[in-house]
Amino acid sequence: MGVTRTWRWTEHRMQAALEAGLISQSAPGRVPQFKRYLDEQKGLPLPDVWTDILPLNSQARERLGYPTQKPLKLLERIISLSSKPGDVVLDPFCGCGTTLHAAQELGRKWIGIDVAVQSMHVVQDRLKHHFPGIKYDVFGIPKSADGALWLAENHPFKFEEWAVTALGAMHSGKFRGDGGIDGSFYYLTASDDRSRGIVSVKGGRNLNPGMVRDLGGTVETQRRLTRDDKAIGVLICAHEPTKGMRDAAREFGKIDTFIGQIPAVQIITVAEMFAGATINVPAMLDTVTAAAIGRKKSKLDAYRKPRDLTQREMMLPIKGGKSVVDLIDSSIDVPVMPSFRERRVTG
């Protein structure tokens with residue numbers, strides 16, 4: 001190879017390595033180098049201080065706005081080190097679902113539990129966004145109009161949070177002093193344009209047109225503050241609204257979208273929700289997409305971060321994962337709605 005200096009290897013060893021393609025020479029006459037491949041090296045044991053995985057910053061693409069969110073790579077490493085494909089991963093405080101995301105990615109079965117309805121909404125949006133067609137079961141939220149009405153009468157704040165998220169919006173994280181905004185969402189007004197929707201929830205029986213006009217006034221204020229002339233309002237009622245409320249909603253007129261006109265102020269009841277009613281907009285954006293928009297428009301307060309509501313008492317487990325078969329074969333009582341007893345089934 002044109003090298004005349006003393007060799008450390010024997011001619012036989014050098015020739016064998018050369019024939020095996022393990023020798024590299026940058027130019028004729030230069031000292032050859034031995035090729036080393038990482039997958040053939042023993043490496044070093046992983047230490048107990050990990051500095052190679054950085055925390056999520058405010059502009060991280062995977063960030064959803066959840067205050068306790070961890071990097072996906074961190075949970076993937078933990079799960080990879082501590083389990084095998086097909087094992088069950090339990091996260092009893094699953095928050096925005098990073099553990100469940102990592103477990104699904106790595107072929108583990110999983111169970112996630114959290115006390116906040118908001119968490120359930122974020123987790124479901126995240127799973128559907130990253131794993132189209134995924135199947136899972138959700139326990140502990142109203143599955144009938146009677147269950148929702150019971151929740152409204154016995155736990156009004158929990159009803160408020162459930163009602164907002166049940167229609168695909170994000171709860172504000174506040175129950176007092178929220179300026180009339182219990183939740184919000186994004187929807188498409190054109191193929192490349194987005195506007196905000198504001199949600200207000202009324203769980204009581206005493207309803208009047210003033211509630212509709214208050215929401216309409218809040219929408220108009222938000223339009224001025226955010227320069228979004230197509231912001232709309234949605235009033236969710238546990239009980240049937242009065243005719244005067246329906247008339248008051250029509251007074252706010254309609255706005256133009258690429259699919260036609262939609263009401264600027266809409267009223268949806270619990271009974272209508274369970275009958276299949278949804279917010280009348282061209283297309284609502286899920287949590288993952290909304291979070292990305294929120295990072296771009298944070299100065300306009302177009303997206304509010306959900307809080308980690310650890311003081312809630314509602315148990316809301318989600319179960320899913322790849323090839324879950326008879327993961328838990330037992331019945332549970334969830335003291336949220338009356339006579340609410342359900343069996344955990346395959347997800």
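Each value, and the rule that gives it
As a convention, each chain's residues are numbered from 1 in the sequence order in which they are written. At least 70 in pLDDT is required for a residue's local features to be given in this predicted model, at least 80 for side-chain atom pairs to be given and counted, and no such filter applies to totals for whole chains, interfaces and linings, which use all residues. Only hydrogens and water are set aside; all other atoms, that is, all heavy atoms of the structure, feed into the side-chain values. UniProt positions are given in the numbering used here, feature names are shortened, and annotations may be inferred rather than shown by experiment. Each residue is assigned to one of three classes by its accessible area relative to the maximum for its type, calculated with a 1.4 Å probe on protein chains only: buried under 20%, partly exposed between the two thresholds, exposed over 50%. The helix and strand labels rest on DSSP assignments: H or I over at least four residues marks a helix, E over at least two residues marks a strand, and numbering proceeds from the N terminus. Crossover handedness is defined by viewing with both strands directed away from the observer: a clockwise path from the first strand over the helix to the second marks the crossover as right-handed. Take the buried residues of types Ala, Val, Leu, Ile, Met, Phe, Trp, Tyr and Cys, join any two whose side-chain atoms come within 4.5 Å, and each joined set is a nonpolar core. Two residues qualify as a contact provided that any one of their heavy atoms is within 4.5 Å of a heavy atom in the partner residue. Here the aromatic set is Phe, Tyr and Trp, taking the six-membered ring for Trp, and pairing holds for ring centres within 6.5 Å; pairs whose planes are under 30 degrees apart are stacked, those over 60 apart are edge-to-face, and all others are tilted. Only when the NZ atom of a Lys or the CZ atom of an Arg is both within 6 Å of the ring centre and within 35 degrees of the ring normal do we say a charge sits over the ring. Two N or O atoms count as a polar contact when they lie within 3.5 Å, although within protein this holds only if one can serve as hydrogen donor and the other as acceptor, and sequence-adjacent residues are included solely when both atoms are side-chain atoms.

- As named in an unreviewed UniProt entry, the chain is Methyltransferase, taken from Marinovum algicola.
- For the record of the chain, the UniProt heading Sequence similarities (unreviewed entry) holds the text "Belongs to the N(4)/N(6)-methyltransferase family."
- The record in UniProt for the chain states the following under Catalytic activity (unreviewed entry): "a 2'-deoxyadenosine in DNA + S-adenosyl-L-methionine = an N(6)-methyl-2'-deoxyadenosine in DNA + S-adenosyl-L-homocysteine + H(+)".

1. Notes on the pairing of strand S8 (residues 193-202)
- Of all 10 residues in S8, seven are buried, a share of seventy percent or more.
- Traced from S8 through helix H7 (residues 209-226) to strand S9 (residues 232-237), the parallel crossover comes out right-handed.

2. So, the nonpolar core
- Counting residues in each nonpolar core, the largest one holds 43 residues, and the members touching the most others are Phe159, Trp162, Phe185, Val199, Ile232, Ile236 and Ile279.
- With residues near it in sequence (within four places) discarded, Trp162 still touches Val117, Ile141, Pro142, Ala148, Leu151, Val270, Met273 and Phe274.
- Listed in part, the 15 residues of the second largest apolar core include Ile181, Leu207, Met211 and Ala231.

3. A closer look at the packing of aromatic side chains
- This model, assessed by the stated rule, comprises four aromatic pairs.
- Taking the centre distance of 5.6 Å and the plane angle of 65° together, the rings of Trp9 and Phe34 count as edge-to-face. Taken together, the residues Trp9 in the segment before helix H1 (11-19) and Phe34 in strand S2 (residues 33-34) connect sequence positions 25 residues apart.
- Given a relative accessible area of 24%, Trp9 falls into the partly exposed group.
- Judged by centre distance (6.3 Å) and plane angle (50°), the ring pair of Phe185 and Tyr187 falls under tilted. Neither residue differs from the other here; Phe185 and Tyr187 are each classed as buried.
- Grouping aromatic residues by their ring pairs yields a cluster made of Phe159, Trp162 and Phe274.
- Above the plane of the ring of Trp9 lies Arg13, whose end atom (NZ or CZ) is 3.9 Å from the centre.
- Across the ring face of Trp50, the terminal group of Arg77 is positioned such that the distance to the ring centre comes to 5.0 Å.

4. Section: the environment of Asp52
- Among the secondary structure elements, Asp52 is positioned in the loop between S2 and helix H2 (72-82).
- In the structure, Asp52 is positioned 22 residues away from Leu74 in sequence and 9.6 Å away in space, judged by C-alpha atoms.
- Looking at Asp52, its side chain comes within polar contact range of the side chain of Arg77, at 2.5 Å.

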